[in-house]
Amino acid sequence: DRSPRASGGTHRRAPGSLASFAMPAADTKRIGVVGLGYWGPNIARNLDALEGCELAWCCDADEASRARYGATYPDARFTGDFDELLADESLDAVAITTPVPTHAELTTRALEAGKHCFVEKPLAQDATSAARLVELADERELVLMVGHLLCYHPGVRQLAEGGLAAVGVCPGLC
């Protein structure tokens, strides 16, 4: 069992892995994943394996999705109620991996509840909504991070470093 509770306050990883050292429980951040559809399970898997993280919650409106991943993450609490997750005062952060039209509303609610947020791209459906989220995070002194996986894809890097960005088609691509 890798949970901080079961391991005397430390995460233990397989010998030889990059994360095989122990980390004090005080440094562990408790994170909840919201959305177990297309991309959420990847985020949950990575957070669960990440040293210094405890996958504390998984939230999805679909009962079948919750049941599907419950055995995979037995130490996490599962809920279909976003407000239940937000009410956990010991939760440090939320990863929002729901359909794009829900990003701005759920991120607003998480920030208002005092949670740091990772939001799968795009942050919002329009620049005005995204700017409001950035302002809210700044006002509350919370971290707001948007997924950026493809910024490291070789094709996207080439576009950013001299392709379309160089001729002004995609300025600030990454």
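Rules of the game
- Throughout, a residue's number is its position along its own chain's written sequence, starting from 1.
- At least 70 in pLDDT is required for a residue's local features to be given in this predicted model, at least 80 for side-chain atom pairs to be given and counted, and no such filter applies to totals for whole chains, interfaces and linings, which use all residues.
- The basis for the side-chain values is all heavy atoms of the structure; hydrogens and waters are excluded.
- Within this scheme, the nonpolar core is defined by two criteria: the residues are buried Ala, Val, Leu, Ile, Met, Phe, Trp, Tyr or Cys, and they are joined through side-chain atoms within 4.5 Å.
- Throughout, exposure labels follow a simple rule: accessible area from a 1.4 Å probe, protein chains only, divided by the maximum for the residue type, with under 20% read as buried, over 50% as exposed, and the rest as partly exposed.
- Here a residue-residue contact requires only that any non-hydrogen atoms of the pair lie within 4.5 Å.
- Cysteine sulfurs are considered disulfide-paired once they come within 2.5 Å of each other.
- Angles run from 0 to 180 degrees between N-to-C directions of axes, and those axes are lines fitted to C-alpha atoms, restricted for helices to the stretch in contact.
- A run of H or I in DSSP counts as a helix once it spans at least four residues, and a run of E counts as a strand once it spans at least two, with each numbered from the N terminus.
- Here the angle decides the label: under 35 degrees means roughly parallel, over 145 means roughly antiparallel, 65 to 115 means roughly perpendicular, and every other value means oblique.
- Polarity classes work like this: nonpolar for Ala, Val, Leu, Ile, Met, Phe, Trp, Tyr, Cys and Pro, charged for Asp, Glu, Lys and Arg, and polar for all others, with Gly in that last group.
- The directions considered for the arc are those from the helix axis to the C-beta atoms.
- Note on definitions: salt bridges are taken to be side-chain nitrogens of Lys or Arg within 4 Å of carboxyl oxygens of Asp or Glu.
- Pairs of N or O atoms within 3.5 Å make up the polar contacts considered here, provided that, within protein, one atom can donate a hydrogen while the other can accept it, and that residues adjacent in sequence are counted only when both atoms are side-chain atoms.

Draft legend 1. How the structure looks around the nonpolar core. Judged by nonpolar contacts, the single largest core of 23 residues is most densely connected at Val34, Phe82, Leu85, Val94 and Leu111. Not counting chain neighbours up to four residues away, the residues in contact with Leu85 comprise Gly32, Val34, Trp57, Cys59, Thr79, Leu91 and Val94. Judged by nonpolar contacts, the second largest core, of 15 residues, contains Ile31, Ile43, Ala95 and Phe118.

Draft legend 2. Quick peek at the state of the cysteines. Overall, the coordinates contain zero disulfides when judged by the stated rule. Considering cysteine sulfurs only, Cys58 is the nearest to Cys59, which forms no disulfide, with 9.0 Å between them. Overall, Cys59 belongs to the buried group, its relative accessible area being 4%.

Draft legend 3. Summary view of the packing of helix H4 (residues 103-112) against helix H5 (residues 127-140). For the pair H4 and H5, the least separation of the axes is 10 Å and the interaxial angle reads 10 degrees. One finds that H4 runs roughly parallel with respect to H5. Along the contact surface, H4 presents Ala104, Thr107, Thr108, Leu111 and Glu112, while H5 presents Ser129, Leu133, Leu136, Ala137 and Arg140. A per-class count over the contact of H4 with H5 returns five nonpolar, three polar and two charged.

Draft legend 4. Here's a closer look at helix H2 (residues 63-70). Along H2, the residues that are buried comprise Ser65, Arg66 and Tyr69. Looking straight down H2, one finds its buried side chains confined to an arc of 100 degrees; they lie on one side. In H2, the exposed positions that point more than 90 degrees away from the buried face belong to Glu63, Ala64, Ala67 and Arg68. Residues of H2 that are buried sit in contact with helix H1 (40-49) and strand E3 (77-79).

Draft legend 5. Examining the pattern of salt bridges more closely. All told, the structure shown has six salt bridges when counted by the stated rule. The salt bridge partner of Arg77 is Glu84, with a shortest N-O separation of 3.3 Å. Judged by its relative accessible area of 32%, Glu84 is partly exposed. The shortest N-O distance in the salt bridge between Glu105 and Arg109 comes to 3.6 Å. Of the two residues, Glu105 and Arg109 are both situated in helix H4; the distance of four residues between them amounts to about one turn of the helix. Connected through salt bridges with shared partners, the residues Arg30, Glu54 and Asp88 form a single ionic network.

Draft legend 6. View of the environment of His103. Within the secondary structure, His103 is located in helix H4. With 17 residues separating them along the chain, His103 and Glu120 place their C-alpha atoms 8.2 Å apart. Not counting the four nearest positions on each side in its chain, His103 is found in contact with Ile96, Thr98, Val119, Glu120, Lys121, Pro122 and Leu123. For His103, the side chain forms a polar contact with the main-chain oxygen of Pro122, separated by 2.6 Å.

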